[in-house]
Amino acid sequence: MSEKMAEKAAGNTAENQFQITGMTCAACATRIEKGLKKMEGVQEANVNLALETATVKYDAAAMSALEIQKKVRDLGYDVVTEKQELDITGMTCAACATRIEKGLSKLDGVLNANVNLALEKASVEYNPAAVSVKEMIQKVENLGYGAIVKSDETKQETVDHRQKEIIKQQGKFIFSAILSIPLLWAMVGHFSFTSSLYVPEAVMNPWVQMLLATPVQFIIGKQFYVGAYKALKNKSANMDVLVALGTSAAYFYSVYLTLQTIGKGTHSVGLYFETSAVLITLIILGKLFEARAKGRSSEAIKKLMGLQAKTATVVRNGEEMTIPLEDVVNEDILLVKPGEKIPVDGEILEGTSALDESMITGESVPVDKTVGDTVIGATINKNGFLKMKATKVGKETALAQIIKVVEEAQGSKAPIQRLADSISGVFVPIVVGIAMITFLIWYIWVDPGNFAEALEKLIAVLVIACPCALGLATPTSIMAGSGRAAEYGILFKGGEHLEMTHRINTVILDKTGTITNGKPVLTDVVTDLAEAEFLSLVGSAEKQSEHPLAQAIVAGIKERSIELSEVSQFENIPGYGIKAAVNGREVLVGTRRLMKRFNVEIDGMLDVMEDLEKQGKTAMLTAVDGVYAGLVAVADTIKETSTEAIKRMKDMGLEVIMITGDNQQTATAIAKEAGVDSVIAEVLPEGKAEEVKKLQAQGKKVAMVGDGINDAPALAVADIGMAIGTGTDVAMEAADITLIRGDLNSIADSILMSHKTIRNIKQNLFWALAYNTIGIPIAAIGFLAPWLAGAAMAFSSVSVVLNALRLQKVKL
Amino acid sequence: MKKWALSAIVYLLVVVGVYYAYTGLAESPTDSSGHTNTDQHEE
């Protein structure tokens, strides 16, 4: 996670992600969030309890990451930082050291930089989520010095802090359990049905019990006191307050009773040492299970990260060498042998092969690639030897972008979480109040004067009411759900989209590239001119356009070995066609509307055009120097899976609509073939967004699915925008979900995944609330012993996390 | 982890050992039979 960069700069706005430690429940997350939001310059703060991260958007001109870190520490928590030592070269005097120190300190995310001139070493303390070691080295190099990572002893410090936490909690649990078992033994020995059980005399002694309970209370339980102190210092309350209060009440009351035995020598009644010790042991056990389960919920990212190649074979200065993946730069010439992974995104220069892209696109059939084709990093070269040029490296690769999107989604909040946040914010004070009332009712009314009995009920209420399950209910499901969806090639950009998707009842599909392959071929040429001359003019003009239809026409013309001419002027008229000057002649290629706009007479050709359109072909009219010259027709083919996917959506009760700029006839022919009942045709690119709005005005929840730049406004306007493709274009930026597979089945899959995740969140919230709302009255009435309340509380957190983990096994 | 387990076992043995040593010493000169057991609350 140390390379988890999450910094974006837009003007002066910076976004940083901090790894937070010390949070125990939703109240902690809410407190940090509130504290950060109060800071001047902070625009947005989002704290995720499950991921233990805080994502902060702030004005970089007004404040720094260091101030945010200080604030988090002031609130009683800690930010994970790492230390890195760099060997510096090129320093000549103290001024150099100062310059490097200042330069490094200015990097956002660097908390402290210390340069030692004599040792030629820089020690940097930094936030790994905000700045990478590579950037520090870059900074030093920009200042005119050399820097390399001091690689030996420093690397061992970058062990996952979560793993360390698990090991620490395991040790504490064992310690606590060993000392609690004798106390539990003493207690069990007093039940009437276990009276025959042998209980050693030593464990019955109050002083021995006190000596056994004390280390558990103050060494193992220290974390609860510290947490409670920090919370109370900040005028709030969390789970630690409840645990500290409950166990302290039991412990100190027992100490009081034990002290009373001095001088009396013999008896003491109603000790509760085992209650405090067993409670702490069970809560530590719950935290241990929780930490383990939390670790499993971020497996999706680990899996994605594990996909990339570790090394690459590069040709530099005519020499082949194997280098670490991080050292590959753009334009590097790379060699990939059969069976090896493609190291980075690039373009094939030599060779042909079949590539297994299933890990990125989910497509199980290997894809044939040849010279000029693009390849994606982390895919597997199955059988051919490839020479390729790196075009995207580091954070720009498709895989890096996928990891970034999944990380952001996992760390984001779903609106449903607001409910949990608002409840847990006021929960603890209310619980303390209920516990006090319970105590008073028992002490004054139910069993007058029986302090021990009333105290027991108070402890049980305090302990059963810990809202930790409530805080974990939503984020763990979001993490597991978005992670599992990513494995299916569905990238949700945030928790809110994962939640919204299940409400979708209308799906608008763009035609080209979404329902169809988007790779039309030239099928018909109708002209009165010499065909070669006509096609040369059309091809030359269309060569300038990036529209898929234009590319199909140019490819078809090139196949006929017709030479193309230079174009002196070119204008793309979106929704109409193009206008170009070829060899001094004005060429128009496009729709009827284009001809009408330039007053070109086309009446005689309309029948031919309609015939072609009835066949689902797209006819493009051409005029040369203002006079109609002929037409070319292209046809696109429907993707193999589109018909089945559309049927599946209809079976799910969704209204499926096709939207296209094509004319009504062509659109209807394609729609009929694909099984779409409703068609919106002849829509200009800007009109797609309008059509989405019209449907929304009818109260429909609309998902727009598209792939091109022209779909971006509609994708942004729709309740959910879904972009198809490998996720590097404008459409992906505008969309809420990226469907890496080109397969339309991903639409139904994403809606299904959203349904399952939301159901899972609701189950979690229900159980978390049920534990508390049912548990509190049961404890207050006196049906729940404190140690049972502790076990139930620990079980509630674990059960919520385990329920969320079920999403990792979902089959779509 | 082993460190924690070992510490707990040693501590437990020390506490129990001290208790038996103390009761042994306290009982032998006077031969008193006073026990120091606790009445635990019943759950």
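Residues numbered from 1 in each chain as written. Chains lettered and ligands numbered in written order. Predicted model: local features only at pLDDT ≥ 70, side-chain atom pairs only at ≥ 80, totals over all residues. Heavy atoms only, no water.

**Student:** Report on the nonpolar core, specifying residues and quantitative values.
**Tutor:** All names here are of chain A. Core analysis: the biggest nonpolar cluster contains 139 residues, and Leu509 and Ile747 have the highest contact counts within it. Of all the elements, helix α28 (residues 745-781) adds the most residues to this core, at eleven residues. By size, the runner-up hydrophobic cluster in this structure holds 22 residues, among which are Leu522, Ala552, Val624 and Val634. (Core = buried A, V, L, I, M, F, W, Y, C linked by side-chain atoms within 4.5 Å. Buried < 20%, exposed > 50% of the residue type's maximum accessible area, 1.4 Å probe, protein only. Helix = DSSP H or I, 4+ residues; strand = E, 2+ residues; numbered from the N terminus.)

**Student:** A description of the packing of helix α22 (residues 606-614) of chain A against helix α24 (residues 664-674) of chain A should follow, citing residues and the corresponding values.
**Tutor:** Helix-helix packing is described using two parameters, namely the angle between the two axes and the distance between the axes. All names here are of chain A. The contact between α22 and α24 brings their axes to 8 Å, and the two run at 20 degrees. In terms of orientation, α22 and α24 fall into the roughly parallel class. When the axes of α22 and α24 are compared, the crossing they make is right-handed. Where α22 abuts α24, its residues Glu610, Glu613 and Lys614 lie against Gln665, Thr666 and Ala669. Considered class by class, the residues forming the contact of α22 with α24 number one nonpolar, two polar and three charged. (Axes fitted to C-alpha atoms, helices over the stretch in contact; angles between N-to-C directions. Parallel < 35°, antiparallel > 145°, perpendicular 65-115°, else oblique. Left-handed = near helix turned anticlockwise from the far one by under 90°. Contact = heavy atoms within 4.5 Å. Nonpolar A, V, L, I, M, F, W, Y, C, P; charged D, E, K, R; others polar.)

**Student:** Let's hear about the packing of aromatic side chains: which residues, and what values?
**Tutor:** Residue and element names in this part refer to chain A. A full pass over the atoms with the stated rule returns 13 aromatic pairs over all chains. Taken together, the ring pairs in this structure connect Phe218, Tyr225, Tyr251, Phe252 and Phe273 into an aromatic cluster. Positioned above the aromatic ring of tryptophan 442, the side-chain terminus of lysine 457 is 4.8 Å from the ring centre. The aromatic ring of tyrosine 576 is capped on one face by arginine 597, whose charged end is 4.8 Å from the ring centroid. (Phe/Tyr/Trp six-rings, centres within 6.5 Å; stacked < 30°, edge-to-face > 60°. Lys NZ or Arg CZ within 6 Å of the ring centre and 35° of its normal.)

**Student:** Could you give an account of the sheet that holds strand β15 (residues 353-356) of chain A, naming the residues involved and the relevant values?
**Tutor:** Note on sheets: strands pair through backbone hydrogen bonds, and any given pair is parallel or antiparallel. Residues and elements named next belong to chain A. Strands sit in the order β16-β15-β18 across an open sheet of three strands; the sheet is antiparallel. Strands at the two margins of the open sheet, each flanked by one partner only, are β16 (367-369) and β18 (380-381). Pairing between β15 and β18: two bridges, direction antiparallel. Opposite aspartate 356, over in β18, you have isoleucine 380 as the bridge partner. (Pairing = 2+ DSSP bridges.)

**Student:** With reference to specific residues and values, describe the environment of threonine 516 of chain A.
**Tutor:** Residues and elements named next belong to chain A. Note on placement: threonine 516 falls in the loop between α18 (511-515) and β22 (521-527). When the C-alpha positions of threonine 516 and glutamate 640 are compared, they lie 8.7 Å apart, and in sequence the two are 124 residues distant. Among the polar contacts listed, one links the side chain of threonine 516 to the backbone nitrogen of glycine 513, at a separation of 3.2 Å. (Polar contact = N/O pair within 3.5 Å; in protein donor to acceptor, adjacent residues only side chain to side chain.)

**Student:** With reference to specific residues and values, describe the confidence of the model for chain A.
**Tutor:** Residues and elements named next belong to chain A. Here chain A averages 82 in pLDDT, and 90% of its residues register 70 or above. Contacts from residues 1-10, a stretch scored under 50 in pLDDT, to residues over four places away or in other chains number 33 contacts. Scored below 50 in pLDDT, residues 151-159 shows six contacts in the model against residues more than four places distant or in partner chains. (pLDDT = per-residue confidence, 0-100.)

**Student:** Quick one: what's the story with unusual backbone geometry, residue by residue and with numbers?
**Tutor:** Most peptide bonds take the trans configuration, and most residues that are not glycine carry a negative phi. All names here are of chain A. Look at glutamate 331: it is not a glycine, yet its phi comes out positive at around 75 degrees. Relative accessible area serves as the criterion here: at 53%, glutamate 331 is assigned to the exposed category. Its identity as a non-glycine residue notwithstanding, aspartate 625 has a phi of 50 degrees, on the positive side. As for its position among the elements, aspartate 625 is in the loop between β26 (618-624) and β27 (627-635).

**Student:** Please set out helix α4 (residues 133-142) of chain A residue by residue, giving values where relevant.
**Tutor:** Residue and element names in this part refer to chain A. All buried positions along α4 are accounted for by Val133, Met136, Ile137 and Val140. Here the buried residues of α4 occupy an arc of 100 degrees about the axis, which is enough to place them on one side. Phi turns positive, to about 100 degrees, at glycine 144, one or two residues after α4. (Arc of directions from axis to C-beta.)

**Student:** Please provide a residue-by-residue account of the sheet that holds β22 of chain A, values included.
**Tutor:** Residue and element names in this part refer to chain A. Taking strand neighbours across the sheet as the criterion, the six strands line up as β22-β27-β26-β25-β24-β23 in an open arrangement whose pairing is antiparallel. The two strands at the open ends of the sheet, each matched to only one other strand, are β22 and β23 (567-573). Direction aside, neighbouring strands of the sheet carry axes that sit 20 degrees apart on average. Note that β22 and β27 share six bridges and pair antiparallel. For valine 525, the partnering residue across the bridge sits in β27 and is valine 632.

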